[in-house]
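Here are the chains, one letter per residue:
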Amino acid sequence: MTEQQWLIDETAFPESSYLQEIEQEFDRGNTRSSRESTTQPQPVNLAVRLQDIMIWDTKKWFGDARMRLDALVIHGRANDSDSSGFYMPQTFRFDGIKDKDKLPTGENGLLIFYGEAVHFLDIFITVSRDRKDSDDLATLLNQQLQSSEIQGAVSTMLGFTAIATQAATFATALGAASILGNFAYKALSKATGDTIGVYRTSWLQYRDKFGIGRHPQNGSHKVRDISFWYEIIQEGNW
């Protein structure tokens, strides 16, 4: 499996008409005073939680019951003082998992993101065999900060945050988020040897209101031997 193969891929890149609409809004905003302009979206405090993660058959995928789940959430909040501040990597490890076990994620689910998001929210979820002493996703990404792929994504995000007034930079930033998600998948595959890209999606602030709500609306995503659903919650509603 290559870094580009995701079992569930719900990423929907915005159509050209959507980008044109954003461009028009930015252009109108540039003609107003900073006090009057309302086109720059404000950051929104969000939480993303995975729920009811069920492993139906550990033997088929993993051959043992020691597992890890890695999640990468890219939220568009970059700043010059923290070049990795626009993404949040998380690694969760589980021992003693048997067929048809639900992962022990606590009463409120598995929190894979909590913080501010602006413009878009991209989510990437992978499951792997948990090798002894394997690095977590944050460490794997930090080890590769000087790679051309990571540097390119970082530069794009920092530039997007600094300008954020052109639809072209918006589209480029979405592409950089996808590159970073695929890079994380590739880094995990090298570290674990059998990473499965379970799910990825992209929610936009204008078009989708960050996807706030339950996904799917009913039931669970089920693919191969894993099922789950997740929720995106805005601060004040949890």
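Look up a bit, the structure's there.
Conventions adopted
- Per chain, residues are indexed from 1 in the order of the written sequence.
- Under the rules for a predicted model, residues below a pLDDT of 70 receive no local features and side-chain atom pairs below 80 are neither given nor counted, while totals for whole chains, interfaces and linings still include all residues.
- The side-chain numbers reported here are obtained from all heavy atoms of the structure, hydrogens and water having been left aside.
- The term salt bridge refers to a side-chain nitrogen of Lys or Arg lying within 4 Å of a carboxyl oxygen of Asp or Glu.
- Secondary structure follows DSSP: runs of H or I at least 4 residues long count as helices, runs of E at least 2 residues long count as strands, and numbering of each begins at the N terminus.
- Only protein chains enter the accessibility calculation, which uses a 1.4 Å probe; a residue whose area is less than 20% of its type maximum is buried, one above 50% is exposed, and one in between is partly exposed.
- Residues count as neighbours in contact if any of their non-hydrogen atoms are within 4.5 Å of one another.
- We call two N or O atoms a polar contact when they sit within 3.5 Å, provided that within protein one can donate a hydrogen and the other can accept it, with sequence-adjacent residues counted only if both atoms are side-chain atoms.

**With respect to the pattern of salt bridges**
So, point 1. What the rule picks out here adds up to six salt bridges.
So, point 2. With a closest N to O distance of 3.3 Å, Lys-102 and Asp-52 form a salt bridge. Of this pair, Lys-102 sits in strand E5 (residues 101-102) while Asp-52 sits in strand E2 (residues 44-55), placing them 50 residues apart in sequence.
So, point 3. For Lys-102, a relative accessible area of 47% puts it in the partly exposed group.
So, point 4. For Asp-52, a relative accessible area of 32% gives the class partly exposed.
So, point 5. Where Arg-207 meets Asp-208, a salt bridge forms, and the shortest distance between an N and an O atom there is 2.9 Å.

**Quick look at the environment of Thr-169**
So, point 1. For Thr-169, the location among the structural elements is in helix H5 (residues 167-192).
So, point 2. Judged by its relative accessible area of 18%, Thr-169 is buried.
So, point 3. Sequence separation of Thr-169 and Met-157 is 12 residues, and the distance between their C-alpha atoms is 9.0 Å.

**A look at unusual backbone geometry**
So, point 1. Here the bond from His-215 into Pro-216 is cis, since omega is -10 degrees, no more than 30 degrees from zero.
So, point 2. With respect to the helices, strands and loops of the structure, Pro-216 is situated in the loop between strand E9 (213-215) and strand E10 (221-223).
So, point 3. A positive phi angle, close to 50 degrees, is found at Asp-52, a residue other than glycine.
So, point 4. Positive phi, normally seen in glycine, also occurs at Lys-100, with a value near 65 degrees.
So, point 5. Take Lys-100: it is sitting in the loop between strand E4 (87-94) and E5.

**Notes on the environment of Asp-101**
So, point 1. Assignment of secondary structure puts Asp-101 in strand E5.
So, point 2. Given a relative accessible area of 26%, Asp-101 falls into the partly exposed group.
So, point 3. Those residues in contact with Asp-101 that lie beyond four places of it in its chain are Ile-53, Met-54, Ile-55 and Gly-96.
So, point 4. At a separation of 2.7 Å, a polar atom in the side chain of Asp-101 contacts the main-chain amide nitrogen of Lys-98.

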